[in-house]
Amino acid sequence: MKQKKRDNGEAIAKSMFEMAKLKVPVIAIVIGEGSSGGALAIGVGNRVLMLENAIYSILSPEGYASILWKDASRSKEAAEKMKLTAKDLYNFGVIDKIIKEPQIDENDMIEKIAQDLKKEIKSTISQMKDKTSEEIVEERYQKFRNIQYFNNI
Amino acid sequence: MIVDKIKKREKSAKNKKTNVDIPIGKWVKCDKCKEILYKDTVRENLSICPNCGHYFRMHINKRLELIADKDTYKRFDINIETSNPLELEDYPKKIKALKEKTGLEEAVASGTCKINGEPVVICIMDSGFMMGSMGAVVGEKITYAIEQAIKLKYPLIIFTVSGGARMQEGIISLMQMAKTTAALTKLDEAGLLYISILTDPTYGGVTASFATLGDIVLAEPGAMIGFAGQRVISQTIGEALPEGFQTAEFLLEHGFIDKIVERKDLKETIYKLIQLNK
Ligand SMILES: [Zn+2]
């Protein structure tokens, strides 16, 4: 009921606000479909990793098509335009690393991904263990601060 | 009835010859009471409907006139323009046309000004530019303004009006929420006052970032404020929404905002809040 009365915008804002202040390293990993403020609310990381076939976007492709073209059925076309793949986001500098999803037996694949993630998490922690809490916070700040897509005039 | 009103106004307007057609551009219809109003009359009334009290959206320049001491506004020297991260075909054209039509650089203006002599950093959004949506330029300008407030040790005042994230800029737009929010943590640590004033409508990624993070959150009467649209929420939860849901009055009642302030009292209220927080 509380959620309904208050909507969840403020909750997202507060979550990002607190996350931006954390004095310990934060690693966010996009493993499936991440979209909109809900994903970002837990995505303010020093490192943002993403599985090769995951997507991370401003909105679901259905929502995007319905807002931009008033037609949710054009979701496939929206997905192609939105640049929401791991590769796109890596090129934008929004994520730091793509975790491969090898085309092997499913159980082996999950095992392999889990191992790779573990390796990434460990290496990130060791890269950051000598940093002060101020450095950790500042590094995270600069990461988002520097997402700049505009032209200087 | 409308015809009568027009005739009456025509008569009262100075130097008016009888039966002269008044260009349609001089008239505006109130969204709430549907009354056709003379634009200048509405403007002189702080962009409030003289018939029913409905608040019209304000152009950045009108808002500045209302809030800033005369000739004190200094625009920040930040010269950036919208790019096209998703390489959409018509987006740059749309931006260019809007710039020409509105005379605005983008959906937000930022700079310093004085409010009854008190220096502040001020950001004002404008719904006339892509519905006040936040893309990379808006995100950068807000972030830069926050950093300047810290540098200058000035209070930060932001007037919001926004449909939310700028869909045309995809994930880059989403990231501006984190960027502006992170900048506000620094303002908070510096112990500086941030007053956000939510005006109609404030939605989506702006609500879910800097708009609701003010130390003091004010709103104009009747402003619609939310994250998701009402239709989406009611479809998702499969229930009708309560009466007045997402109005400033409803949100005040539920502790989401601190005060609803009439337009005519905004400048004085902001000034007093700055004084109290000194
Ligand atoms: Zn009216």
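Please refer to the structure higher up on the page.
Keep in mind it's a predicted model, so treat the numbers as computed, not measured.

Basis of the calculations
- Residues numbered from 1 in each chain as written.
- Chains lettered and ligands numbered in written order.
- Predicted model: local features only at pLDDT ≥ 70, side-chain atom pairs only at ≥ 80, totals over all residues.
- Heavy atoms only, no water.
- Donors = N, O, S within 2.8 Å, 3.2 Å for Na, K, Ca; no water.
- Helix = DSSP H or I, 4+ residues; strand = E, 2+ residues; numbered from the N terminus.
- Buried < 20%, exposed > 50% of the residue type's maximum accessible area, 1.4 Å probe, protein only.
- Phe/Tyr/Trp six-rings, centres within 6.5 Å; stacked < 30°, edge-to-face > 60°.
- Lys NZ or Arg CZ within 6 Å of the ring centre and 35° of its normal.

**Q** Is there a simple way to explain the coordination of the zinc ion in this structure?
**A** For a metal bound by four donors in a tetrahedral arrangement, the ideal donor-metal-donor angle is 109.5 degrees, while six donors in an octahedral arrangement ideally sit at 90 or 180 degrees. All names here are of chain B. Around the zinc ion, the protein contributes the donor atoms Cys 30 (SG), Cys 33 (SG), Cys 49 (SG) and Cys 52 (SG), at 2.3 Å from the metal centre. Along the chain, the residues donating to the zinc ion fall in the pattern C-x2-C-x15-C-x2-C. Taken together, the residues Cys 30 in the loop between β1 (27-29) and β2 (36-38) and Cys 52 in the loop between α2 (39-44) and α3 (60-67) connect sequence positions 22 residues apart. On the basis of relative accessibility, which here comes to 0%, the residue Cys 30 falls in the buried class.

**Q** I'm lost on the packing of aromatic side chains in this one. Help?
**A** If you walk through the whole model with that rule in mind, you get five aromatic pairs over all chains. Between Phe 92 of chain A and Tyr 149 of chain A the ring centres are 5.2 Å apart and the planes differ by 85°, which places this aromatic pair in the edge-to-face class. Residue Phe 92 of chain A is located in helix α6 (residues 86-92), and its partner Tyr 149 of chain A is located in the loop between α8 (133-145) and β6 (150-152); the two are separated by 57 residues in the primary sequence. Residues Phe 245 of chain B and Phe 250 of chain B carry aromatic rings whose centres are separated by 5.8 Å and whose planes lie at 70° to one another, so their mutual orientation is edge-to-face. Sitting over the face of the ring of Trp 69 of chain A, Arg 74 of chain A holds its NZ or CZ atom 4.3 Å from the ring centroid.

**Q** Can you walk me through unusual backbone geometry in this structure?
**A** Peptide bonds are, in most cases, trans, and in most cases residues other than glycine have a negative phi. Residue and element names in this part refer to chain B. For the peptide bond that leads from Asp 200 to Pro 201, omega is -15°, which places it in the cis range. Within the secondary structure layout, Pro 201 lies in strand β8 (residues 194-202). Phi at Lys 34 is positive, roughly 65°, even though this residue is not glycine. Looking at the secondary structure, you find Lys 34 in the loop between β1 and β2. Residue class for Lys 34 comes out partly exposed when judged on its relative accessible area of 48%. One non-glycine residue, Ser 47, lies in the positive phi region at around 55°.

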